[in-house]
Amino acid sequence: KIYASLVELATERGFPRPPATTPYEYLPTLRQAFPQHGRELAIITEAYVRVHYGEVPTGNEELAHIRDCWERVQAGQPM
């Protein structure tokens, strides 16, 4: 859900994700939408790929870190 919210926010800013684009291919576009948050975007994208494609569960500690990254992106605060 965090990744979907990230894509939605980027789309609202004029940086939509084309349907045939992988999360890794879309990452440079996300970096254009949120230039101060490259590290957070990479963490969120990697977690999404692992869970969505690899079906690797995310632990509570990692999920808390991912949520923190998302909150920083939303608030415009770099790490």
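Let's talk about the packing of aromatic side chains
Applying the stated criterion to the full structure yields two aromatic pairs. Taking 4.2 Å as the distance between ring centres and 15° as the angle between the ring planes, the aromatic pair formed by Tyr3 and Tyr48 counts as stacked. Taken together, the residues Tyr3 in helix H1 (residues 2–12) and Tyr48 in helix H3 (residues 38–54) connect sequence positions 45 residues apart.

A short note on the confidence of the model for the chain
Averaged over every residue, the pLDDT of the chain is 90; residues scoring 70 or more account for 95%. Here helix H4 (residues 60–75) stands out as the least confident element of the chain, with mean pLDDT 89; helix H2 (residues 23–33) is the most confident, with 96.

Rules used throughout
Residues numbered from 1 in each chain as written. Predicted model: local features only at pLDDT ≥ 70, side-chain atom pairs only at ≥ 80, totals over all residues. Heavy atoms only, no water. Phe/Tyr/Trp six-rings, centres within 6.5 Å; stacked < 30°, edge-to-face > 60°. Helix = DSSP H or I, 4+ residues; strand = E, 2+ residues; numbered from the N terminus. pLDDT = per-residue confidence, 0-100.

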